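# Structural characterization, general
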Amino acid sequence: MERTHHKQEINITDALMARINELICHYPEDKRKSALLPVLHEVQDAHDNWLSIELQDRVAEILNIKPVEVYEVVTFYTMYNRRPIGKYMFEFCQTSSCCLRGTEDLMDYTCEKLGVGIGEPTADGLFEVRGVECLGACGYAPMMQLGDFYQEHLTKDKIDQIIADCRDNKIILHDK
């Protein structure tokens, strides 16, 4: 497992702990681990969209599970970030339908426009491009997820507009 270490302030506020407890209460006492995915989402959202090792350890402590059980989940799913990421994470679907419709070329185009490689944040910390597994929107290929929302039927022109809208703070990332 990659163990690149970035410093992160751990801040489990009373409001966050109340939300975590609300999620945990949906599961039997001896099945607290079942709350792991939604708890990780809440904790990540409250900590600049990434989870340091120390924060993962804190989640394990809260759920009364072994830290390795948290690490396994965080390293498996692309929706959890183990390092600081760009504010606007372009997550391109890289499975069959999207690849057949040109997602790889669009990823290359986006990286070229932003001056980065896949998985590298831009120098200003605004953007990052990542390839992910199927996002379940094959009929709208090629597509990507940006925050909580899908950007569908992508073209180079649409990519240009999305980048411009992000720079102008016109893109809403979360549905909360």
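Just above sits the structure.
Before going into details, it helps to say that this report is about the structure given with it. Bear in mind the structure is a predicted one, so any value in this text is a computation, not a measurement.

Rules used throughout
- Residues numbered from 1 in each chain as written.
- Predicted model: local features only at pLDDT ≥ 70, side-chain atom pairs only at ≥ 80, totals over all residues.
- Heavy atoms only, no water.
- Helix = DSSP H or I, 4+ residues; strand = E, 2+ residues; numbered from the N terminus.
- Rg over C-alpha atoms; globule rule 2.2 N^0.38 Å.
- Phe/Tyr/Trp six-rings, centres within 6.5 Å; stacked < 30°, edge-to-face > 60°.
- Buried < 20%, exposed > 50% of the residue type's maximum accessible area, 1.4 Å probe, protein only.

What follows concerns the overall build of the protein. The helix and strand tally for the protein stands at seven helices and four strands. Along the protein, helices (α) and strands (β) appear in the sequence α-α-α-α-β-α-α-β-β-β-α when read from the amino end. Its C-alpha atoms give the protein a radius of gyration of 17 Å, within 12% of the compact-globule value 16 Å for 176 residues. With the C-alpha coordinates aligned to their principal axes, the bounding extent of the protein is approximately 50 × 35 × 30 Å.

Two aromatic rings are characterised by how far apart their centres lie and by the angle between their planes. For the structure on display, the rule yields four aromatic pairs. Look at Tyr77 and Tyr80: their rings are 6.4 Å apart centre to centre, the planes differ by 85°, and that puts the pair in the edge-to-face class. We classify Tyr80 as buried; its relative accessible area is 3%. Judged by centre distance (5.7 Å) and plane angle (70°), the ring pair of Phe90 and Phe127 falls under edge-to-face. A residue pair is termed long-range when its members are at least 10 positions apart, and Phe90 in strand 1 (residues 88-93) and Phe127 in strand 2 (residues 127-132) qualify at 37 residues. Here the two residues Phe90 and Phe127 agree in accessibility, since each one is buried. Ring pairing ties together the aromatic residues Phe76, Tyr77 and Tyr80, which thus form one cluster.

Checked against the element boundaries, Cys138 lands in the loop between strand 2 and strand 3 (144-146). On a C-alpha basis, the gap between Cys138 and Arg101 in space is 9.9 Å, while along the polypeptide they are 37 residues apart.

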